[in-house]
Amino acid sequence: MAPPSSLPELTDDLIGEILLRISPDEPAHLFRTSLVCRSWRHLLSDLGFLRRYREFHGTPPVLGFLNYNSLETTTSPACPLIPPALDCYGCVALDCRHGRVLLHTIHPAGLIVWDPITGNQHHLPDAPEDPYNHLTGAVLCAADGCDHVDCGRGGPFLVVFGGTADDENLVEGDDVSFTWLSVYSSATGTWSALASAHLGPIATSRDVMGPSLLAGGALHFLLEDGRRLLRYELGRHELSVTNLPPPLRVGNMALVKAEDGGGLGVAGVEGYSLHLWSWRGAAAGWVQGRVIELDMMLPMTIGDPSTRLLVVGYSECANTIFIHSNEGIFTIEFKSDRIKHICESRDFQTITPYASFYTPDYAWERFQLLVNWMQ
């Protein structure tokens, strides 16, 4: 009997197609694969391949989250993100988008755009000084034509920063609240003039100004735990405020991408269910979508008065929501409905998720920096 013929060698193109399908959810898998041989390392560090890799997977994975300035990773083993080295007292993470994190330092007061993968920090010049009791902010890529799948490190960005004043003594002769926003451009290094809007009386709430969502060329912020919505038109530098209809006011919600194409949506927990809504324009208004039964997905004791579900965060880049329960914090990917337990129960009200691709080119760059430092 003739011996079996030897298997054909894998071509570089075929190897590339195989490596292209390694999941980005656990960056250590990619890094270990790059250690197999020199040719694989070159391939996994090639900018053209990495562009294809990010386009193939599309959605960047959640690598961790921030609670104030405490950075916690959600991968196993932990992704080697670089905590911010800050010379200040107190720091709060305001936003994360397109691989960047916006930090607000308390003393001295200031704003920092930080890249957790490279550790780079961009300290912004003094923001416009206006009175406020509550503040918010957003950071976003400003590169022309960027699809945000492969935002370049060090590329141009915008920071939207503002606040809301609800103390009548802050505005002489005016007993209503107002909010203002200003935009910083890294390309010009300057802040824009203020855009402002009067709000009237503000209801007592846990979160007067919530995290932002970028949709339809505008940034949206929840006001007063979802009673109202603040919309900032990026192109026209205009603010507007609208009331949300009662069915959406569950008091435990987050702005999310709409399921019908990535427009403006809302997700809120009521009882043991997560309700999704989409904005269909002025004519149709808000339309209810899926209802996700969390008691069928998360471990919990039905009927136990201590059982409590809370929306604590949403990753716009990964389209993933964070739910806090008695058993810990879980993520739900809206595209796949995949559930992941990321940490034990904590006293968290709001967290800022960080999503990005962590690929071998960054890992080898970090390794080389460490070697040079040791020498």
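Data block above holds the structure.
Summarised in this report is the structure supplied together with it. As a convention, each chain's residues are numbered from 1 in the sequence order in which they are written. In keeping with the predicted nature of the model, local features appear solely for residues at pLDDT of at least 70, side-chain atom pairs appear and are counted solely at 80 or more, and the whole-chain, interface and lining totals rest on all residues. Excluding hydrogens and water, the side-chain figures rest on all heavy atoms present in the structure.

With that out of the way, let us pick up the sheet that holds strand E20 (residues 310–315). Two strands qualify as a pair provided that DSSP identifies no fewer than 2 bridges between them. Only DSSP runs of H or I covering at least 4 residues are called helices, and only runs of E covering at least 2 are called strands; the numbering of each starts at the N terminus. One open sheet accounts for 4 strands, arranged E20-E21-E22-E23; its pairing is antiparallel. Only two strands of the sheet have a single neighbouring strand rather than two, namely E20 and strand E23 (339–343). Each strand axis lies, on average, 30° off the axis of its neighbour in the sheet, ignoring direction. In this structure, strand E22 (residues 328–333) lies alongside E23, joined through 4 bridges in antiparallel fashion. Within E23, the residue paired with Ile-332 across the bridge is Ile-339. All axes here are fitted lines through C-alpha atoms, helices being fitted over the stretch that makes contact, and every angle between N-to-C directions spans 0 to 180 degrees.

Patch definition: residues with relative accessible area over 30% and no salt bridge; like charges joined within 9 Å; nonpolar side chains (Val, Leu, Ile, Met, Phe, Trp, Tyr) joined within 5 Å. Residue burial considers only the protein chains on display, and all accessible areas are found by Shrake-Rupley using a 1.4 Å probe. Here a salt bridge means any side-chain nitrogen of Lys or Arg lying within 4 Å of a carboxyl oxygen belonging to Asp or Glu. Taken together, Leu-10, Leu-14 and Ile-18 make up a surface patch of nonpolar side chains, about 270 Å² in accessible area. Tracing the chain through its elements places Leu-14 in helix H1 (residues 12–19).

Right, let's talk about the sheet that holds strand E2 (residues 70–73) for a bit. One open sheet accounts for 3 strands, arranged E2-E1-E24; its pairing is antiparallel. Two strands bound the open sheet, and with one partner strand each, they are E2 and strand E24 (352–355). Neighbour-to-neighbour, the strand axes of this sheet turn through a mean angle of 25°, independent of strand direction. Pairing geometry for strand E1 (residues 62–67) and E2, over 4 bridges, is antiparallel. Residue pairing for E2: Phe-65 is matched across the bridge by Glu-72.

This is a description of form; function is not addressed.
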